[in-house]
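Listed below, chain by chain, are the residues.
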There are 2 protein chains.
Amino acid sequence: MVVEKVIAKWNCSGRVVEGPTNPMVTPLLTDLYQFTMAYAYWKANKHQERAVFDLYFRKNPFGGEYTVFAGLEECIRLIANFKFTEDEISFIREILPGSCEDGFFDYLRGLDCSEVEVYAIAEGSVVFPKVPLLRIEGPIAVAQLLETPLVNLVNFASLVATNAARHRFVAGKSKQLLEFGLRRAQGPDGGISASKVLLPWGVNGSDPAFRRDLKLIQGASSKLRKLSRFTRSLYLIVPSGKGTKTETRTFFKAEKNISVASNVAAGKLFGIPLRGTHSHAFVSSYMSPDEIIDKSLQSADGSSSCEDFVSLVQTWINKFQLSNSLRGIFGETNQSELAAFTSYALAFPRSFLALVDTYDVMRSGIPNFCAVALALNDLGYKAVGIRLDSGDLAYLSCEARKFFSAVEKEFGVPGFGKTGITASNDLNEETLDALNKQGHEVDSYGIGTYLVTCYAQAALGCVFKLVEINNQPRIKLSEDVSKVSIPCKKRSYRLYGREGYPLVDIMTGGNEPSPKVGERILCRHPFNESKRAYVVPQQVEELLKCYWPGSSDEPREDLPPLKDIRDRCIKQLERMRPDHMRRLNPTPYKVSVSAKLYDFIHFLWLNEAPVGELQ
Amino acid sequence: MVVEKVIAKWNCSGRVVEGPTNPMVTPLLTDLYQFTMAYAYWKANKHQERAVFDLYFRKNPFGGEYTVFAGLEECIRLIANFKFTEDEISFIREILPGSCEDGFFDYLRGLDCSEVEVYAIAEGSVVFPKVPLLRIEGPIAVAQLLETPLVNLVNFASLVATNAARHRFVAGKSKQLLEFGLRRAQGPDGGISASKVLLPWGVNGSDPAFRRDLKLIQGASSKLRKLSRFTRSLYLIVPSGKGTKTETRTFFKAEKNISVASNVAAGKLFGIPLRGTHSHAFVSSYMSPDEIIDKSLQSADGSSSCEDFVSLVQTWINKFQLSNSLRGIFGETNQSELAAFTSYALAFPRSFLALVDTYDVMRSGIPNFCAVALALNDLGYKAVGIRLDSGDLAYLSCEARKFFSAVEKEFGVPGFGKTGITASNDLNEETLDALNKQGHEVDSYGIGTYLVTCYAQAALGCVFKLVEINNQPRIKLSEDVSKVSIPCKKRSYRLYGREGYPLVDIMTGGNEPSPKVGERILCRHPFNESKRAYVVPQQVEELLKCYWPGSSDEPREDLPPLKDIRDRCIKQLERMRPDHMRRLNPTPYKVSVSAKLYDFIHFLWLNEAPVGELQ
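Being a predicted model, the structure only gives us computed values, none of them experimental.

A. Broad picture of the overall build of chain A. The helix and strand inventory of chain A stands at 20 helices and 24 strands. Taking all 615 residues of chain A together, 56% fall into the buried category.

Rendered as structure tokens:
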């Protein structure tokens, strides 16, 4: 099998390309017309003609002026394993006319991607309209079969990655972002892929450096553990190794802008750190603290044991009611809620985070949380914080902060004023922006529906266009100029200016010399005659690299680990000129073609378009 | 294993419940907090307490006043096969604190849904806010673990089904709808599940009656085949059985409102009829008719053979240019396009449908199509039609129709004026509505992005709320009244009025007597005191049926085949009072509670909510 040969070649460089993450991604995950076309090509003996397709999008999503490219790895996984099973071939035979000749099915039987070459921009790059994200070269019938799955895999991944970048941009670097969207995602893998491509959110669990630090903490001395207790905002649940009961759950001292998700399946697949505590149902499943039977809790250092943690909590509630600064804020707190918080703390004394809005945030949730947190504090534990899931998040977070500070002052609990506040409840770019404008005390945001369904714009319009066949450039015309394709097997470059910002992307014909640092080059708008600019690049970056060499001897790029993709993404986002990135009226980034390519496009256009006749 | 016992029970009634369609749907497809809660319940020895959860949504999507319920079968498939593997248990151990006790993992090892009962509204039903779609009863820890996957499975399926209903409503019953959305879907199974739940679109390929008709046509005499050739708009590619070369592709004589998709994987999984021909790339991959080497084509009845079909096509182009009625409409047609159409017709003479907008619809695409179609007609074949994928679809479809009629008249080809016109290109409810208002000649619509991504509203906000534990009703309060949950294990009924329309859905406490036909009953808005109405139902339908009896002896509903779901869906949509269904300012359908339940809700509410204190 040729595929085996090619995969063997990849193995030589130390990498096996596994199959797609979602087992539903098979060569049948395509439109019927790819098979009818494949048959027509085969019947006309045209199926082996060498074609070049560009995969690109026409417009940045969410009213912005940039896009984050994601999904490449899944594309290469599909391509590396593209092979029809006998069962699949039987089904194709079933859905095609009975008149289709047997030879076609024999052809499908031998078909793979060993003659296909794939060039792509690095995953995690900031990308722009019209510039090919992928260039697929190969026998036209095969390339055509790849169209639907490749577009599917790139579209949603890039859309969510871009959405994630935009949410990070508004939230700011200092906030922790949590992805909570699985339940509202468009199907199971809508949720799973969304969790994977939160590239712009920061450190990812599969990051080796991150893993190393974790190991360090896992094996840490009690001193390090103590130190880590003072790093409030970022913590991770880590295992101690099977069977042992040593408590190794700990806070993680690192940059805050980490990507964290709630989706356990995604955590398992991609090593994404997971987070989650309890829901409203948990709170309302308790009736009163009397329900709690096992009330004992060992102190954090194991030196002593509290036999009645429930009473200890109640002592704190009583203290609040007698306190000068807290008196009057609340009367009776909800007993069902108090019971649930107490019970949760008994189960997870080192990671107590409470959802405080089941009954009433200020009159019940916050005092109940504080009573449990201070009882934990008596035993040497530090509570993580609260989550607000409804109401006026700006107001409530400020009020909660005031309460925490009053508790710190009144009862002399250092650091209690800085107890973590997480906010959730249908957050999106607009609500984050509004929170910023109002002022708030939120440390972490849980973002769900709006992030994973890309609610503001549910699709990215990636297309897959034929640009060359048998070395003949092809163009797709349209009355809508933005839909005219840019012909030719092209090369693309990003040109950087004096201040280090990317200035313009330029596409050239495949055989043109590449732009040179310090050499002036004319960049033309592909369709607007009057828009052109000279650029003297300070740095030139070729965008398309070979990720699947097929049977060519093209040197190929490794599929990078998620860590590198994330690093690239964050670095590129940071390198952009700020006016391209702002939410309101961002400046479009320039995408251009060389003077030579410009002339050729317009020659071809005139050649193909019929001359009208007014009557 | 208890699960095996339960499955065996299902087997007795002749049905095995297979696993979820998407292999990524496992017990790990859930939020981390379901596991932390499960642990906390287990630690408090509360995990076996019997809880009742309602799964419902709060607001109809797309600005409408109805929703179509879908996704039930996938929920039951998950529940019937809910069992942790050792690998999954190891992963859960890894992500939970090391302090979690071993007994919990033993508990997970034995956990299944044998003690869970699932009551649901029938899949395909028209449903309304607040009324439970599913009621899950069972040990609280297990029910809680089901929350995320059930909500995920119902959310998107119901959203797409509703979107499909809305598109069918605007398009009208007489039009054929084609789902083309795979490439833009939110991930691979976003596309696959979307194709599955086009319930309101009509006949589905898995319909036994449909399959029977297909068999009939497959084995049909030439007479039947000839007859079927005259049914223009609906055709299906059917197999002749392996190895034989008999042409069995044929037109399908049936109602037009069939659901058809392009997604081959969905076709294989759910028996959905598939459709598709060729893309713009196919057209531009040809340079000129000179490329075509094998030019021969047998006549439809096999009696003769045309040695040079390319020349036959050219003869027709020449005739057009000499014609009185067509002269002047076009000059030179595009030769690349003509070659592609000719080549496609040689491969699929019985199903020639051409995409006519690659260069210029009226000056090239339509005349090229007609030339090939008439050449086919000379050999006894009937072309299927054209597809328009850009430009002014209303105008172009009318112009195309005029051209077809002129051809019919001028060259005496009966029926040619009725050649099929399919339109695609970012169609949605608004564009379909605009087309209707302008007047058009489109027979079929290909709908993609807007349908499968539910672009107009990318998520349905299904929630999963605890309503009872240990026979104690529970309520979730909120400052936003629309978010207050309706407590108690309830029963729900749909009450029908004199004219046969559903009048109101009413929820009652579990032990209340059910509403009776002809007996007056007071229906109260659950939260608005002043909104209430007496109803004398002419028909009473209990909404929740048992689909998974767990270890109870509740009689259970079979999971119906897709055909029945579709039938129910169409019947229910048709039975709704038209003012609930209209696009502009639809009347809200009434959702109510019994007087007794109303009183109880408000008693509980006052009981749980703290009394404020103004300062």
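B. Geometry of the packing of helix H13 (residues 335-347) of chain A against helix H2 (residues 32-43) of chain B. Where H13(A) contacts H2(B), the two axes come as close as 9 Å, and the packing angle between them is 95°. Put simply, H13(A) runs roughly perpendicular to H2(B). On H2(B), the residues touching A:Ser343, A:Tyr344, A:Leu346 and A:Ala347 of H13(A) are B:Tyr39, B:Ala40 and B:Lys43. Of the residues contributing to the contact of H13(A) with H2(B), the split by class is five nonpolar, one polar and one charged.

C. Molecular detail of the environment of B:Leu269. Position of B:Leu269 among the secondary structure elements: in helix H10 (residues 264-270). With near-sequence residues (within four places) excluded, B:Leu269 lies in contact with B:Thr21 and B:Ile192.

D. How the structure looks around the UniProt feature "domain: Nicotinate phosphoribosyltransferase N-terminal" (unreviewed entry) in chain A. Taken from the UniProt record, the annotation "domain: Nicotinate phosphoribosyltransferase N-terminal" (unreviewed entry) applies to residues 28-155 of chain A. Here residues 28-155 of chain A is 44% helix and 16% strand, with 18 Å between the C-alpha atoms at its ends.

E. Layout of the sheet that holds strand E3 (residues 117-120) of chain A. All names here are of chain A. Taken together, six strands build an open sheet; the order of strands is E17-E16-E1-E5-E3-E23 and the sheet is antiparallel. The open sheet has two edge strands, strand E17 (472-473) and strand E23 (545-548), and neither has a second partner. Relative to strand E5 (residues 134-139), E3 runs antiparallel, the two being bridged by four bridges. For Ala120, the partnering residue across the bridge sits in E5 and is Leu134. Against the sheet, helix H3 (residues 72-80) contacts E3, E5 and E23, and its axis sits at roughly 45° relative to E23.

F. Spotlight on the interface of chain B and chain A. Contact with chain B, which involves 117 residues of that partner, is made by 118 residues of chain A. A total of eight residues in the side of chain B that touches chain A trace back to one element, the largest contributor, which is H2(B). The residue inventory of the side of chain B that touches chain A, partitioned by class, reads 48 nonpolar, 44 polar and 25 charged.

G. Structural detail: the relation of the copies chain B and chain A. Structural alignment of chain B on chain A gives an RMSD of 0.1 Å, achieved by rotating through 180° and translating 0.0 Å along the axis. Both copies are brought into coincidence by an operation consistent with a two-fold rotation axis. By residue overlap, the copies meet face to face through one surface: 100% of the interface positions of chain B are interface positions in chain A.

H. View of the pairing of strand E3 (residues 117-120) of chain B. All names here are of chain B. The alternating pattern of E3 places Glu117 and Tyr119 and Val118 and Ala120 on opposite faces, both of which are buried. As judged from the three bridges shared by E3 and strand E23 (residues 545-548), these two strands associate in the antiparallel manner. Each residue of the ladder has a partner; that of Ala120, found in E23, is Lys545.

I. Spatial organisation of the domain arrangement of chain A. Domains assigned within chain A are domain 1 (2-166 + 457-608) and domain 2 (287-422 + 434-439). For domain 1 of chain A versus domain 2 of chain A, the distance between C-alpha centres works out to 53 Å.

J. Representation of the sheet that holds strand E19 (residues 502-509) of chain B. Residue and element names in this part refer to chain B. The strand order across the open sheet built from six strands is E21-E20-E24-E19-E18-E22, with neighbouring strands paired in mixed fashion. The open sheet has two edge strands with one neighbour each: strand E21 (532-535) and strand E22 (539-542). The average angle at which neighbouring strand axes cross in this sheet is 35°, direction not considered. Where strand E20 (residues 521-524) meets E21, four bridges bridge the pair, whose relative direction is antiparallel. The partner of Cys523 across the bridge, within E21, is Ala533.

K. Main features of the environment of B:His47. Residue and element names in this part refer to chain B. Relative to the helices and strands, His47 resides in the loop between H2 and strand E1 (50-56). Taking the C-beta count within 10 Å as the criterion, His47 has 20 such neighbours and is therefore assigned buried. The contact partners of His47, leaving out residues within four places of it in the chain, are Ala38, Tyr41, Trp42, Pro139, Ile140 and Ala141.

L. Molecular detail of the nonpolar core. Judged by nonpolar contacts, the single largest core of 367 residues is most densely connected at A:Leu55, A:Ile79, A:Phe352, B:Leu55, B:Ile79 and B:Phe352. Those residues within four positions of A:Leu55 in sequence are excluded, and the remaining contacts are A:Pro132, A:Leu133, A:Leu134, A:Ile136, A:Leu150, A:Val151, A:Val154, A:Cys462 and A:Phe464.

M. Spatial organisation of helix H4 (residues 86-95) of chain B. Inspection of H4(B) places B:Ile92, B:Arg93 and B:Ile95 among the buried residues, and these make up the whole buried set. Lining the buried residues of H4(B) we find helix H10 (264-270) of chain A together with H2 and helix H5 (102-110) of chain B.

N. Just the pairing of strand E19 (residues 502-509) of chain A, in detail. Residue and element names in this part refer to chain A. With seven of its eight residues buried, E19 lies for the most part within the structure. In textbook terms, the turn of a hairpin is the stretch between consecutive antiparallel strands, and for strand E18 (residues 490-496) and E19 this stretch comprises five residues, one of which, Gly500, has a positive phi near 90°. Bridge count between E19 and strand E24 (residues 590-594): four bridges; the pairing is parallel. The residue of E24 that forms the bridge with Val504 is Lys590.

O. Broad picture of the confidence of the model for chain A. Residue and element names in this part refer to chain A. Mean pLDDT over chain A works out to 87, with 87% of the residues at or above the 70 mark. Note that residues 1-14 has pLDDT below 50 and, in this model, 14 contacts with residues that lie over four places away or in other chains. Scored below 50 in pLDDT, residues 203-257 shows 98 contacts in the model against residues more than four places distant or in partner chains. Interface confidence for the predicted complex, expressed as ipTM, amounts to 0.89; the pTM equals 0.90.

P. Representation of the packing of helix H6 (residues 140-171) of chain B against helix H16 (residues 429-438) of chain B in the model. All names here are of chain B. One can describe the packing of H6 onto H16 by two numbers: an axis separation of 9 Å at closest approach and a directional angle of 10°. Classed by the angle they form, the pair H6 and H16 counts as roughly parallel. Residues Arg166, His167, Val170 and Ala171 of H6 form the contact with H16, whose participating residues are Glu429, Leu432 and Asp433. Here the residues of the contact of H6 with H16 sort into three nonpolar, one polar and three charged.

Q. Summary view of the environment of A:Lys196. Residues and elements named next belong to chain A. Structurally, Lys196 is set in helix H7 (residues 188-196). Its 27 C-beta neighbours within 10 Å are what place Lys196 among the buried residues. Along the sequence, Lys196 and Gly267 sit 71 residues apart, while their C-alpha atoms lie 8.7 Å from each other.

R. Molecular detail of unusual backbone geometry. Despite not being glycine, A:Asn585 shows a phi value in the positive range, around 45°. Mapped onto the fold, A:Asn585 is located in the loop between helix H19 (578-581) and E24. For A:Asn585, a count of 8 C-beta atoms within 10 Å corresponds to the exposed category. Look at B:Cys488: it is not a glycine, yet its phi comes out positive at around 85°.

So, how was this worked out
Residues numbered from 1 in each chain as written. Chains lettered and ligands numbered in written order. Predicted model: local features only at pLDDT ≥ 70, side-chain atom pairs only at ≥ 80, totals over all residues. Helix = DSSP H or I, 4+ residues; strand = E, 2+ residues; numbered from the N terminus. Buried ≥ 20, exposed ≤ 12 C-beta atoms within 10 Å, placed from the backbone. Axes fitted to C-alpha atoms, helices over the stretch in contact; angles between N-to-C directions. Parallel < 35°, antiparallel > 145°, perpendicular 65-115°, else oblique. Contact = placed C-beta atoms within 7 Å. Nonpolar A, V, L, I, M, F, W, Y, C, P; charged D, E, K, R; others polar. UniProt positions renumbered as here; feature names shortened; annotations may be inferred. Pairing = 2+ DSSP bridges. Least-squares fit on C-alpha atoms with pLDDT ≥ 70 in both. Domains from an automatic or database assignment. Core = buried A, V, L, I, M, F, W, Y, C linked by C-beta atoms within 7 Å. pLDDT = per-residue confidence, 0-100.

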